[in-house]
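Fold and geometry: a report
Residues per chain are reported as follows:
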Amino acid sequence: MSEAGFKVCLILFGVGFAAVFGTIVIPALWVDGDVIGGFAAGFVNPYASGYALDAIACWCLLAAWVIYEARRYRIRGGWLALLLGVAPGVATGFALYLWLRLRQRALLTEA
């Protein structure tokens, strides 16, 4: 895949997920107003719990990677990817981090 194709994928999947998430979650949150209940709803059955735990684990791994590369390679802006990883979700946060990393890849040379 070319770099241009990779960038298109990052935008499509990152923004696409955020749009779908917003379309599904924001109206329900607007009606209920229960943010904690919304998070807890991810654990209503064993299957949902598995998916919710997978998303939480992916965010934790992304956080470890962002912190490591911020210190080791001086990749900037990872905090925003972690914030977006909470809401709308890891897909958007991860896409943003890959975009930031791609733009700053010249800094990724071994020290």
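Right above here is the structure, for reference.
Everything quoted here is computed from the prediction, not taken from an experiment.

Remarks on helix H1 (residues 3-32)
Under the 1.5 Å per step criterion, the end-to-end length of H1 is 42 Å for 30 residues, consistent within 8% with the ideal 44 Å. Remark: the principal bend of H1, roughly 30°, maps to Gly22.

Structural notes on the packing of aromatic side chains
Scanning the model with the defined rule gives 4 aromatic pairs in all. Pairing Trp65 with Tyr97 gives two aromatic rings, centres 5.3 Å apart and planes at 65°, and the pair type is edge-to-face. Pair noted here: Trp65 is in helix H3 (residues 46-72) and Tyr97 is in helix H5 (residues 90-103), with a separation of 32 residues, a long-range link. On the basis of relative accessible area, Trp65 is assigned to the partly exposed category, the value being 28%. Through successive ring pairs, a cluster of aromatic residues spans Trp65, Phe94 and Tyr97. Taking NZ or CZ as reference, Lys7 lies 5.7 Å from the ring centre of Trp99, over its face.

Focus: the pattern of salt bridges
For the coordinates displayed, the defined rule picks out 3 salt bridges. In this structure, Lys7 engages Glu3 in a salt bridge whose closest nitrogen and oxygen atoms are separated by 3.5 Å. Taken together, the positions of Lys7 and Glu3, both in helix H1 and 4 residues apart, correspond to about one turn of that helix. Given the relative accessible area of 27%, Lys7 is considered partly exposed. Residue Arg101 is joined to Glu69 by a salt bridge in which the shortest nitrogen-to-oxygen separation is 2.8 Å. With Arg101 in helix H5 and Glu69 in helix H3, the pair connects residues that are 32 residues apart, well separated along the chain. Overlapping salt bridges bring together Glu3, Lys7 and Arg105 as one network.

A look at the side chain of Glu69
Among the residues examined, Glu69 registers a relative accessible area of 3% and is labelled buried. For Glu69, the side chain forms a polar contact with the side chain of Tyr97, separated by 2.7 Å.

A few points about the packing of H3 against helix H4 (residues 78-86)
Contact geometry of H3 with H4 gives a least axis separation of 10 Å together with a crossing angle of 175°. Taken together, H3 and H4 sit at an angle that is classed as roughly antiparallel. Seen from H3, the contacting residues are Trp59, Leu62, Ala63 and Val66; seen from H4, they are Gly78, Trp79, Ala81, Leu82, Gly85 and Val86. Of the residues in the contact of H3 with H4, the class split is 8 nonpolar, 2 polar and no charged.

Digging into the environment of Val35
Inspection of the secondary structure assignment puts Val35 in helix H2 (residues 35-40). Sequence separation between Val35 and Ala55 is 20 residues; the distance between their C-alpha atoms is 17 Å.

Describing the side chain of Ser49
Summarising the element assignment, Ser49 is placed in helix H3. The exposure class of Ser49 is buried, given its relative accessible area of 16%.

Criteria and cut-off values
- Residues numbered from 1 in each chain as written.
- Predicted model: local features only at pLDDT ≥ 70, side-chain atom pairs only at ≥ 80, totals over all residues.
- Heavy atoms only, no water.
- Helix = DSSP H or I, 4+ residues; strand = E, 2+ residues; numbered from the N terminus.
- Expected span 1.5 Å × (residues − 1).
- Bend = angle between axes of the 7 residues up to and from the residue.
- Phe/Tyr/Trp six-rings, centres within 6.5 Å; stacked < 30°, edge-to-face > 60°.
- Buried < 20%, exposed > 50% of the residue type's maximum accessible area, 1.4 Å probe, protein only.
- Lys NZ or Arg CZ within 6 Å of the ring centre and 35° of its normal.
- Salt bridge = Lys/Arg side-chain N within 4 Å of Asp/Glu carboxyl O.
- Polar contact = N/O pair within 3.5 Å; in protein donor to acceptor, adjacent residues only side chain to side chain.
- Axes fitted to C-alpha atoms, helices over the stretch in contact; angles between N-to-C directions.
- Parallel < 35°, antiparallel > 145°, perpendicular 65-115°, else oblique.
- Contact = heavy atoms within 4.5 Å.
- Nonpolar A, V, L, I, M, F, W, Y, C, P; charged D, E, K, R; others polar.

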